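Residues per chain are reported as follows:
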Amino acid sequence: MKVLKFGGTSVGSAASIRNVKQIVESRQEPVVVVVSALGGITDQLLKTANLAVHGDQSYHHEIDIIVNRHLQMIEEVVLPNKQAETKQKVTELLDELTNIYKGVSLIRDLSPKTNDLIVSYGERISSVIVAHAIVDAKRYDAREFVKTETQFGKHHCNFDITNKLIQSTFENLPNIALVPGFISSDSVTGETTNLGRGGSDYTAAIIAAALDAEILEIWTDVDGFLTADPRIISHAYVIDKLSYVEAMELCNFGAKVIYPPTIYPIYHKNIPIVIKNTFNPDAPGTFITRDKIGDKKAIKGMSSINDACLITVQGLGMVGVIGVNHRIFRELAKSGVSVFLVSQASSENTTSIGVKNADAELAVKVLKEEFKHEISIGEINDIKAEKDLACVAIVGENMKHTPGIAGKLFGTLGRNGINVIACAQGASETNISFVIRLDSLKKALNVIHDSFFLSDYQVLNVFVAGVGLVGGNLLEQIQKQQPKLLKEKSLKLNIVGLTNSRHSLLNRDGIDLTNYKEDLSKSNVSASPKAILDAIIEMNIFNAVFVDCTASSEIAGIYNELLKHNVSVVTANKIAASSSYENYVLLKDTARQRGIKFLFETNVGAGLPIINTMNALINSGDSIIKLEAVVSGTLNFIFNKLSADIPLSKTIVLAKEAGFAEPDPRIDLSGKDVIRKLVILSREAGYPLEQEDVKKNLFIPQKYFDGSLDDFWKTVSELDGEFEERRKALVAENKRYRFVAKLENGEGSVGLQEVDDSHPFYHLEGSNNIIMITTERYNEYPMIIKGYGAGASVTAAGLFADVISIANIR
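### Some words on the overall build of the protein chain
Next, step 1: Per the secondary structure count, the protein chain includes 29 helices and 30 strands.
Next, step 2: For the protein chain, whose C-alpha radius of gyration is 36 Å, the value lies well above the compact-globule estimate of 28 Å for 810 residues.
Next, step 3: Counting the 810 residues in the protein chain, one finds 53% classified as buried.
Next, step 4: Summed over its atoms, the accessible surface of the protein chain is roughly 35,600 Å², and 49% of this surface lies on carbon and sulfur atoms.
Next, step 5: Averaging the locations of the 85 positively and 97 negatively charged side chains of the protein chain gives two centres separated by 1 Å.

Shown next as structure tokens:
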């Protein structure tokens, strides 16, 4: 035989009860069916009782709602030949309930005994209706065989009496036995009691254990146990198999699929549980058993309690004193306070306990009373409750066989800026529990789900500042690669923020890149750097990456705050890394301390792997002695285009039109861009260079930089004649101009240099860049890196590569 339990949502509507009827009537073997009250009725019964005891006459209206709902349900689902009988029985029960409410209202008193009686009517009435909706179902009253005794004001099942009564009651089991869940009666007085909210699961488990059922089926409104709360993690999925221990741990920490005590009665009988969906009966569900489950995943799932409070008993007077914890838990137990987490320092001077917020005030009161002497003499500090917390548990029996789980867990949380206030792990290693701020819960659950492969894919949440040439190319490349990365690398790039100089667009669920330009233009969200920073911090999203495709000093100014809030920064903007050495070190140190990334490979050479290569050389023990580089694609383009037919002024225009030059080309022509790049390279090579330290040998007189940009365009052609003469002289000597950045003996310089055809820089075409790196290992023959060093597409590709590197995929 089997036991089937249907929860409130499963009997909450006429359609759902018809589903129950179909499921039950299709069974060939005998079944015991346990039902809850109609969905939402228990809460309504309690609400009406509260109104009545306070003399609020609107309780009459609530009674009418309860009565009408049950009578309407009878008309819709009960078998035609059972309608009259059902209405009579249900009306009798509803009349009893109404009279109890009237009494409560008159005497303005609601005792626990009366409250237990009131809430019992939900299951008593629903079981009558469902029994008369199913062909040949025989109804039983659970109060006749589920017996309880009271401890600390709560009702606990008396298994000795209950098991005997169940076995005698169902000695001759009908094909379909229908039982109201939740309700019970006192083993001594016979008064109506209950097994607690969610107790219908417990009723079903008690019956299944007493009758040695083949299986216990819990029918609910979800497909089974999920890896996480789907309201927080949209891509949580059903766990196909769990052990009893794993299921118990998940239930105890907030997974509301089944009532936690349910597992206890059937564990010792090794009766499997299967969680099924009444609204999707063909789904396989979750199978729970004692048997070893051949799953290689260390973590099966996680659950959380968002109603947590941490109470800490702390003081040097606790060290070495025997019995302190005994006193703590004795007093809490006497007061009926349930503790779900305990964390103690090995020095014995601190014990932290997790309780529900509703129990916090009482817990603090009794502990202060118990330790009032120690508090008065300063041996124990004042005891306070820390609220607005959440407790998270990661669960999996395979954790005990997998080293490093705790390290990975806390490292992952730390890199995402989530502070762990307290933690606990038992020697069984099936559960690691920790307490965090409530406002970090969503972020914590997402990053854990992502990092421990509970998700089918890893997520990077990306903000992009600047959607012009470089930013636009980057978004185009991301959009094109998104399906491939998801399919082949299990990486989801989620664009959660876009901004230009006027508008910002934010969506933590992801922005559709198909129409992002139009959507961005319609947005009325401010694009100021402060507004962008505040929005990103407020979003508090996990695995966050900020990509700067601007040339804005204001945007560069928010990097440190982003890094401090555990947002990695990837930038093509050279301002930050070439700013004061102090700021450069601060940004790198902040990223290192937070365990995140500050990446600026595209600051020099666009997509060329220059900085990464230098870092690899240094990290492997090499030392950089000298750097020589042509790192201005703009200037190289200009000098390669210079000819008898194309004068200097025209080459500058062509460079701007091709997208190589900065919006103000004087930045390139003044050598400022090259100086910034040299400073960045020098710092990465280990030399604390400032921009002011770099010696400049410029080829355009200062007066052309002093006026406005319009003045520059009007007067730059004055240089054409002089440069044509210089070009002719170079051609005659088989030489070319190159604007070279050099670091040697710790000193930096930039300037125009003549190179002949034997020099590696001579054959540098178009806007290409080249760098020669002389090291202790690469001394006689320097390492050369050469390729496209400018252009929106290759710069975007370099940024994209940096973003991908944060995901650490191969």
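Still more ground to cover, so stick around.
### Quick notes on the nonpolar core
Next, step 1: Of all hydrophobic cores here, the largest spans 101 residues; its most connected members are Ile-448 and Phe-546.
Next, step 2: Those residues in contact with Ile-448 that sit more than four places away from it in its chain are Met-302, Val-392, Ile-394, Leu-409, Leu-413 and Phe-434.
Next, step 3: Ranked by size, the runner-up nonpolar core spans 47 residues in total, among them Ala-52, Val-53, Tyr-59 and Tyr-121.

### Re the packing of helix H2 (residues 41-53) against helix H3 (residues 59-77)
Next, step 1: Two elements in contact, H2 and H3, have axes whose closest approach is 9 Å; the angle formed by their N-to-C orientations is 155 degrees. Here H2 lies roughly antiparallel to H3, going by the angle between them. Helix-helix and strand crossings are classified by hand; for H2 and H3 the assignment is left-handed. Between H2 and H3, the residues in contact are Ile-41, Gln-44, Leu-45, Lys-47, Thr-48, Leu-51 and Ala-52 and Tyr-59, Glu-62, Ile-63, Ile-65, Ile-66, Arg-69 and His-70, respectively.
Next, step 2: Looking at the contact of H2 with H3 residue by residue, the classes come out as 8 nonpolar, 3 polar and 3 charged.

### Some details on unusual backbone geometry
Next, step 1: With a phi angle near 65 degrees, Asp-136 is a residue other than glycine that sits in the positive phi range.
Next, step 2: Looking at the secondary structure, you find Asp-136 in the loop between helix H5 (112-131) and strand E3 (137-139).
Next, step 3: Phi at Asp-388 takes a positive value of approximately 60 degrees, unusual for a residue other than glycine.
Next, step 4: Considering the arrangement of structural elements, one finds Asp-388 in strand E16 (residues 384-395).

### Quick look at the packing of aromatic side chains
What describes a pair of aromatic rings is the distance from one ring centre to the other and the angle between the planes of the rings.
Next, step 1: Inspection of every chain in the model, using the stated rule, returns 16 aromatic pairs.
Next, step 2: Three or more aromatic residues joined by ring pairs make a cluster, and in this case those are Tyr-559, Tyr-581, Tyr-584, Phe-598 and Phe-600.
Next, step 3: If you follow Arg-124 out to its NZ or CZ, it ends over the ring of Tyr-121, 4.2 Å from the centre.
Next, step 4: Positioned above the aromatic ring of Tyr-267, the side-chain terminus of Arg-290 is 5.0 Å from the ring centre.

### Details of the sheet that holds strand E14 (residues 341-344)
Next, step 1: Overall, antiparallel pairing links the 6 strands, which are arranged E14-E15-E13-E16-E18-E17 in an open sheet. For this open sheet the edge positions go to E14 and strand E17 (422-425), each flanked by a neighbour on one side alone. Averaged over all pairs of adjacent strands, the angle between strand axes in this sheet comes to 30 degrees, irrespective of strand direction.
Next, step 2: Of the pairings in the sheet, the one linking E14 to strand E15 (residues 350-356) comprises 4 bridges and is antiparallel in character. Considered in E15, the bridge of Val-342 is made with Ile-353.
Next, step 3: Seen against the sheet, helix H14 (residues 441-451) touches strand E13 (301-314), E16 and strand E18 (431-437) and runs at an angle of roughly 125 degrees to E13.

### Some details on the sheet that holds strand E4 (residues 147-151)
Next, step 1: A sheet is described by the order of its strands in space; here 4 strands give the open sequence E5-E4-E7-E8, paired in mixed fashion. One side of each edge strand has no neighbouring strand; the edge strands of this open sheet are strand E5 (154-157) and strand E8 (192-194). In this sheet, adjacent strand axes meet at a mean angle of 55 degrees when their direction is disregarded.
Next, step 2: Both E4 and strand E7 (residues 183-186) contribute to a ladder of 2 bridges, which runs parallel. Counted as the bridge partner of Lys-147 is Ser-185 from E7.
Next, step 3: The sheet contacts of H5 involve E5, E7 and E8, and relative to E8 the element is tilted by about 75 degrees.

### So, the state of the cysteines
Next, step 1: All chains considered together, the criterion is met by 0 disulfides.
Next, step 2: Cys-391 supplies the cysteine sulfur nearest to Cys-423, a cysteine that is in no disulfide, at a spacing of 10 Å.
Next, step 3: Owing to a relative accessible area of 36%, Cys-423 belongs among the partly exposed residues under this scheme.

### Re the packing of helix H15 (residues 469-489) against helix H29 (residues 792-807)
Next, step 1: Across the interface, H15 lies against H29 with an axial gap of 8 Å and an inter-helix angle of 50 degrees. Comparing their axes, H29 and H15 come out oblique. In this structure, H15 crosses over H29, and the sense of that crossing is right-handed. Between H15 and H29, the residues in contact are Leu-469, Val-470, Asn-473, Leu-474, Gln-477, Ile-478, Gln-481 and Leu-485 and Ala-792, Ser-793, Thr-795, Ala-796, Ala-797, Leu-799, Phe-800 and Ile-804, respectively.

### Focus: the pairing of E15
Next, step 1: The buried count for E15 comes to 6 of 7 residues, which makes it a mostly enclosed element.
Next, step 2: Alignment of E13 against E15, held across 7 bridges, turns out to be antiparallel. The partner of Leu-310 across the bridge, within E15, is Gly-354.

### Some details on the pattern of salt bridges
Next, step 1: For the coordinates displayed, the defined rule picks out 36 salt bridges.
Next, step 2: Among the ionic pairs, Lys-735 bridges to Glu-754, the shortest N-O distance being 3.9 Å. Residue Lys-735 is located in strand E27 (residues 735-744), and its partner Glu-754 is located in strand E28 (residues 747-756); the two are separated by 19 residues in the primary sequence.
Next, step 3: Overall, Glu-754 belongs to the partly exposed group, its relative accessible area being 43%.
Next, step 4: Each of the salt bridges in this network shares a partner with another, and the network as a whole consists of Arg-327, Arg-330, Glu-331, Lys-334, Glu-370 and Glu-374.

### Focus on the side chain of Thr-286
Next, step 1: Relative to the elements of secondary structure, Thr-286 occurs in strand E12 (residues 286-289).
Next, step 2: Of the polar contacts made by the side chain of Thr-286, one reaches the backbone nitrogen of Phe-225; its length is 2.9 Å.
Next, step 3: What Thr-286 contacts, discounting residues up to four positions off in sequence, is Asp-223, Gly-224, Phe-225, Val-238, Ile-239, Asp-240, Leu-242, Ile-273, Val-274 and Ile-275.

### Observations concerning the environment of Ala-792
Next, step 1: Assignment of secondary structure puts Ala-792 in helix H29.
Next, step 2: Distance in space between the C-alpha atoms of Ala-792 and Ala-556 is 19 Å, their sequence separation being 236 residues.

### Thoughts on H2
Next, step 1: Taking 1.5 Å of rise per residue, 13 residues should cover 18 Å, and H2 covers 18 Å from first to last C-alpha, within 8% of that figure.
Next, step 2: Every buried residue of H2 is accounted for by Ile-41, Thr-42, Gln-44, Leu-45, Thr-48, Ala-49, Leu-51, Ala-52 and Val-53.
Next, step 3: Buried residues along H2 sit against H3, helix H4 (83-107) and H5.

Criteria and cut-off values
As a convention, each chain's residues are numbered from 1 in the sequence order in which they are written. Local features in this predicted model are restricted to residues of pLDDT 70 or higher, and side-chain atom pairs are both shown and tallied only at a pLDDT of 80 or more, whereas totals for entire chains, interfaces and linings draw on every residue. As a rule here, side-chain values cover all heavy atoms of the structure and leave hydrogens and water aside. Strands are runs of DSSP state E lasting at least two residues, helices are runs of H or I lasting at least four, and both sets are numbered from the N terminus onward. Throughout, the radius of gyration refers to the C-alpha atoms, and the reference size of a globule is 2.2 Å times the residue count to the power 0.38. The rule is simple: take the accessible area with a 1.4 Å probe, protein chains only, and divide by the maximum for that residue type; under 20% is buried, over 50% is exposed, in between is partly exposed. Surface accessibility in these figures is a Shrake-Rupley result with a 1.4 Å probe; residues are shielded only by whichever protein chains are displayed. Residues counted as positive are Lys and Arg, residues counted as negative are Asp and Glu, and His and the chain ends are not counted. By convention, charge coordinates are those of NZ in Lys, CZ in Arg, CG in Asp, or CD in Glu. In this text, buried Ala, Val, Leu, Ile, Met, Phe, Trp, Tyr and Cys residues form a nonpolar core when linked through side-chain atoms within 4.5 Å. Residue contacts follow a heavy-atom distance rule, with two residues in contact if any of their heavy atoms lie within 4.5 Å. Working convention: axes come from line fits to C-alpha atoms, limited for helices to the stretch in contact. Angles between N-to-C directions cover 0 to 180 degrees. Should an angle lie under 35 degrees it is considered roughly parallel, over 145 roughly antiparallel, and from 65 to 115 roughly perpendicular; all remaining angles are considered oblique. By convention, the crossing between two helices is left-handed when the near helix turns anticlockwise from the far helix through less than a right angle, and right-handed when the turn is clockwise. Residue type decides the class: Asp, Glu, Lys and Arg count as charged, Ala, Val, Leu, Ile, Met, Phe, Trp, Tyr, Cys and Pro as nonpolar, and the leftover types, Gly among them, as polar. The rule is short: rings of Phe, Tyr and Trp, with Trp giving its six-membered ring, pair when the centres are within 6.5 Å, and they are stacked under 30 degrees, edge-to-face over 60, tilted in between. In this scheme, Lys NZ or Arg CZ marks a charge over a ring once it lies within 6 Å of the ring centre and within 35 degrees of the ring normal. Note: two strands are recorded as paired if DSSP finds a minimum of 2 bridges between them. The criterion for a disulfide is a pair of cysteine sulfur atoms lying within 2.5 Å. By convention in these notes, a salt bridge is any Lys or Arg side-chain nitrogen within 4 Å of a carboxyl oxygen on Asp or Glu. Two N or O atoms count as a polar contact when they lie within 3.5 Å, although within protein this holds only if one can serve as hydrogen donor and the other as acceptor, and sequence-adjacent residues are included solely when both atoms are side-chain atoms. The span expected for a helix works out to 1.5 Å for each residue beyond the first.

Structural measurements only, silent on function.
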